[in-house]
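# Architecture at a glance
Given next are the chains, with one letter for each unit.
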Amino acid sequence: MQFGLSESQEFLKDSARKFFAGECPSAEVRRLMETDTAYDAALWSKLTDQGYTGIIFPEEHGGVGLGKVELMLLMEEAGRALLPGPFFSTVVLAGSVLNAVATAAHKKQYLAPICRGEVRATVAILEAGASWDLRDTRLSAANGKLTGEKFFVPDAAIADFLIVVARNGLFVVNSKARGLKISPMSGMDLTRKLYVVEFSDTPAEQLAASFDLSRAFDVATAALAAELVGGMQRTLEVTVEYAKTRKQFGKPIGMFQAVQHQCADMYLETESSRSAVYYAGWALEENSADAATAVSIAKMYASDAARTVGNRGIQIHGGMGFTWENDVHLYYRRAKASETAFGDATFHRERIASLVIDSPNVSALSAQSCIR
Amino acid sequence: MDLNLTAEESTFREELRAWLASNVPKDWDEWREKPMEESFPYLRAWQRKLQEGRWAAVSWPEEYGGRSATLMQQALFWEEMARVEAPPMANSLGLGLIGPTIIAYGTEAQKKRYIPKILSAEEIWCQGFSEPNAGSDLAGLQTEARLDGVHYIVNGQKVWTSYGWVGDWCELVVRTDASAAKHKGLTVLLVDMKSPGVEVRPLRQMTGESEFNEIFFRDVRVPVENILGKVNDGWNVAISTLMYERGSYGARLHLIFKRYITRLIELSRSIKRKGLPASEDPIIRQKLAQCSAEIEIMRYNQMRAFSRITATGVPGPEGSIQKIFWSELNQRFQQIAQEILGSYGQLMAGDSHAIDKGLWSYAYLRTRGNTIEAGTSEVQRNIIGHFVLGLPRSY
């Protein structure tokens, strides 16, 4: 048993870190967040060249065929760099949904271009009620047309097509379809834009009449948690650096235990989130019986931890932490948006409870956990 | 990353499972409630039996009677022991901490003299480290040893000594050079607890029981051949013992915590809140889920740490997050148990209305010690701050 990264996994993580450091430095993040869509075509084509747009998808559809642990590592590094734009919505979310439910023909039509980096896509899930329980979906298609609205749709304005969750099926809507109106929502996270999407007699192609998105959403949820880990890591690094250099009362503030112990807690929270995310990635890859529980554990813990790590990071930076020019708030904003996306900690605790408490023998929490 | 067992790990576990199936005592439940003074011969016999199967000290090198088990195999060992609810071993400090230190620092004569009797539980060992004025600042200890011919004369006091009352031998840290810097003047002595001038007193703790002792040394004569390691190099020897402490203890906690949370969830189904089982109360569900999740994460952290040690060869200071994680989690966990049990949570052993024979009231009090023993949470945070994150030393 080896709960550490293999050589090839280390290599992937390392090269992703170097790639993002070179192609997506803080200045680029700040430039893109001031644009309408936070999308940059040149950056997208470089992501494609790295094979990132097809990372977990089968080679027959133009993907790279790597596993979920590798996806976690890539997303961790993307999160550390605060990668702006539609990578999550296109590759992780729309890609996983298509991979899970689409027919071979639809995969060829929609998933393959994602892998090849030719299109951007997203999934429209939430409605005005903002419930992550899909049973609360009200939108419904009639005669191949959609009328209604979706809220909080990530990167909709830059998407070439939208996958739409409706009561009576899963649909694809082309961005140029008639009766489609996309208006920006002003979200806290400046690097991942959110939109209201309105349909009025909008033609939609059915992907599936009945569908189970739970596994695809679990992949997306774990990937978001992985991004949060990267954000925590970066926040920890800059905060520790600041605590070493900032002097008050003639000493580096990191010498004071009130500061040092907060840094230690940031480390504990970051590392524990990372353990939970890696385990979730592995459980998803292995299709293990506790995969759903493991994903909820990771999202629950990382959602709370990212906020706490951000709180501590800002506090330790003092006045500097409260300024616009310091990057810590950019991670803090992303952390808040990702905390609520795909269910916050309270949502996932209830999911864990239903998996663990409501099962007669508590078997969802595998009796052996890591060891099988 | 591959969490499946390797062939060697599977074989190890299968062999152990088969051995435990036919050897683990069936009557431990009758003994576990009794005071340790009464059950101690039973625990000695159990350890002897384990050693007959070469299972008492799996981490030790084969030449000293162990199995040269990897860390993962050690983790498997403790999991299996917890799974079958095996009794503890009588000489747990000798096997876990002191034996490995003697193997690392002892002379051939010392190894030959002490190691076999540690394994057979014939000689029980205790640890003389903490003092009334040297807890977190262990290097500030004052028990002194003065050379007198071929003996050291030891004077001083130790505290928080587990197994002191039954100890035959003690790994004792003493000051041999008062003029040196505090870390430089220490030496480790192997002390016969039956020596004249050794007095052991029970230390009653807030739970009402006495797990620990105070030991007083008055002009105790210790032969110079009982020095472990080198004179004035005792700090390194002692630190090595403490590293074993952090490495081995965590492995068995996960299944113990899991057994507790499973039982608490079971109890929550029969305890009523507003006419419904507590397990259906949304707030209780949130708390039980949080706790269950953190118990799993404790396990993930541990496996990651073990993998890192396996790869690099040494336990790193990252192990400090484990100590903080489990001890603070255990305190939150027992508070949740108290909330669920309500008024019954306070009932102590012996009360006919107590739930689970007073287990929960005891655990609630006992967990207060978790963030203090084996390195306080504050010291652990200093270790992370300085040694892991590279912040300047705060003290």
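The shown structure was predicted, so the numbers you read here are calculated from the model rather than taken from an experiment. (Residues numbered from 1 in each chain as written. Chains lettered and ligands numbered in written order. Predicted model: local features only at pLDDT ≥ 70, side-chain atom pairs only at ≥ 80, totals over all residues.)

Each helix and strand in chain B was counted, giving 12 helices and 10 strands. The C-alpha radius of gyration of chain B comes to 22 Å, within 12% of the 21 Å expected for a compact globule of 395 residues. C-alpha extents for chain B along the principal axes are approximately 75 × 50 × 45 Å. Expressed as a percentage of the 395 residues in chain B, the buried residues total 42%. (Helix = DSSP H or I, 4+ residues; strand = E, 2+ residues; numbered from the N terminus. Rg over C-alpha atoms; globule rule 2.2 N^0.38 Å. Buried ≥ 20, exposed ≤ 12 C-beta atoms within 10 Å, placed from the backbone.)

To continue, consider the pairing of strand 3 (residues 151–162) of chain B. Residue and element names in this part refer to chain B. Here strand 2 (residues 144–148) runs beside strand 3; their pairing, made up of five bridges, is antiparallel. Bridging from a neighbouring strand, E144 pairs with N155 of strand 3. A loop of two residues connects strand 2 with strand 3, the two strands running antiparallel in sequence, and G149 in this loop sits at a positive phi of about 70 degrees. By the bridge criterion, nine bridges tie strand 3 to strand 7 (residues 212–223) in an arrangement that is antiparallel. What sits directly across from Q157, in strand 7, is F216. (Pairing = 2+ DSSP bridges.)

Attention now goes to unusual backbone geometry. All names here are of chain B. Here the phi dihedral of Y163 falls at roughly 65 degrees; this positive angle occurs in a residue that is not glycine. Counting through the fold element by element, Y163 comes out in the loop between strand 3 and strand 4 (169–175). Look at Y163 and you get buried, because 23 C-beta atoms sit within 10 Å.

Attention now goes to helix 7 (residues 214–245) of chain A. The end-to-end C-alpha separation of helix 7 of chain A is 47 Å, in line with the 46 Å expected for 32 residues at 1.5 Å each. Counting buried positions over the 32 residues of helix 7 of chain A gives 25, a clear majority of the element. (Expected span 1.5 Å × (residues − 1).)

Right, let's get into the domain arrangement of chain A. The accessible area lost on association of the parts is a frequent measure of interface size. Residues and elements named next belong to chain A. What the domain assignment lists for chain A is domain 1 (7–115), domain 2 (121–208) and domain 3 (214–356). For domain 1 and domain 2, the distance between their C-alpha centres works out to 22 Å. Each partner contributes residues to the interface: domain 1 has 20 residues there, and domain 2 has 18 residues. Looking at the side of domain 1 that touches domain 2, the elements that each hand over two or more residues are helix 2 (26–33), helix 5 (87–101) and helix 6 (104–115). A per-element tally of the side of domain 1 that touches domain 2 places helix 5 first, with seven residues. (Domains from an automatic or database assignment. Contact = placed C-beta atoms within 7 Å.)

With that settled, consider the environment of Y42 of chain B. Along the chain, the position of Y42 of chain B falls in helix 3 (residues 36–52). Y42 of chain B sits 45 residues away from P87 of chain B along the chain, and the two C-alpha atoms are 9.2 Å apart.

Another aspect to go through is the pairing of strand 7 (residues 194–203) of chain A. Each regular strand shows side chains that alternate between the opposite faces of the sheet. Residues and elements named next belong to chain A. Looking at chain direction, strand 3 (residues 145–154) and strand 7 are connected through seven bridges and run antiparallel. What sits directly across from P154, in strand 7, is L194. Two strands pair when backbone bridges link them, and strand 6 (residues 180–185) and strand 7 are joined in this way by six bridges, in the antiparallel orientation. Paired with M185 across the two strands is L194, which belongs to strand 7.

Bringing the packing of helix 8 (residues 257–286) of chain A against helix 9 (residues 282–312) of chain B into the picture now. Contact geometry of helix 8 of chain A with helix 9 of chain B gives a least axis separation of 9 Å together with a crossing angle of 90 degrees. As judged from the angle between their axes, helix 8 of chain A and helix 9 of chain B are roughly perpendicular. On helix 9 of chain B, the residues touching E271, S272, S275, A276 and Y279 of chain A of helix 8 of chain A are I297, Y300, N301 and R304 of chain B. Across the contact of helix 8 of chain A with helix 9 of chain B, the residue classes tally to four nonpolar, three polar and two charged. (Axes fitted to C-alpha atoms, helices over the stretch in contact; angles between N-to-C directions. Parallel < 35°, antiparallel > 145°, perpendicular 65-115°, else oblique. Nonpolar A, V, L, I, M, F, W, Y, C, P; charged D, E, K, R; others polar.)

Turning our eyes to something else, we now look at the sheet that holds strand 6 of chain A. Strand order across the open sheet formed by four strands is 2-3-7-6 (chain A), with antiparallel pairing between neighbours. In this open sheet, the two edge strands, each paired with only one partner strand, are strand 2 (141–142) and strand 6 of chain A.

With that settled, consider the interface of chain A and chain B. Of the residues lining the interface, 45 residues belong to chain A; the matching set on chain B comes to 42 residues. Residue contributions to the side of chain A that touches chain B peak at 14 residues, all from helix 8 of chain A. Residue classes in the side of chain A that touches chain B are distributed as 28 nonpolar, 12 polar and five charged.

Okay, the nonpolar core next. Residue and element names in this part refer to chain A. Within the largest apolar cluster, 222 residues are counted, with the highest numbers of intra-cluster contacts made by A222, A223, V277 and A298. No other element matches helix 7, which puts 16 residues into this core. Excluding anything up to four places from it in sequence, A298 contacts A222, A225, A276, V277 and A280. (Core = buried A, V, L, I, M, F, W, Y, C linked by C-beta atoms within 7 Å.)

Moving on, we come to the domain arrangement of chain B. Residue and element names in this part refer to chain B. By domain assignment, chain B separates into domain 1 (7–119), domain 2 (125–232) and domain 3 (241–388). Measuring from the centre of the C-alpha atoms in domain 1 to the corresponding centre in domain 2 gives 26 Å. Listed as interface residues are 11 residues of domain 1 and, on the opposing side, nine residues of domain 2. Counting residues per element, the side of domain 1 that touches domain 2 draws most heavily on helix 5 (residues 92–105), at seven residues. In terms of residue class, the side of domain 1 that touches domain 2 is built from seven nonpolar, four polar and no charged.

Bringing the sheet that holds strand 5 (residues 169–174) of chain A into the picture now. All names here are of chain A. Here we have four strands laid out as an open sheet, ordered 1-4-5-8, and mixed in their pairing. Two strands close off the open sheet at either side, each with one partner strand: strand 1 (121–124) and strand 8 (205–208). Averaged over all adjacent pairs, the angle separating strand axes in this sheet is 30 degrees, with direction ignored. Sheet strands in contact with helix 5 are strand 1, strand 4 (161–166), strand 5 and strand 8, and its direction is about 70 degrees off that of strand 1.

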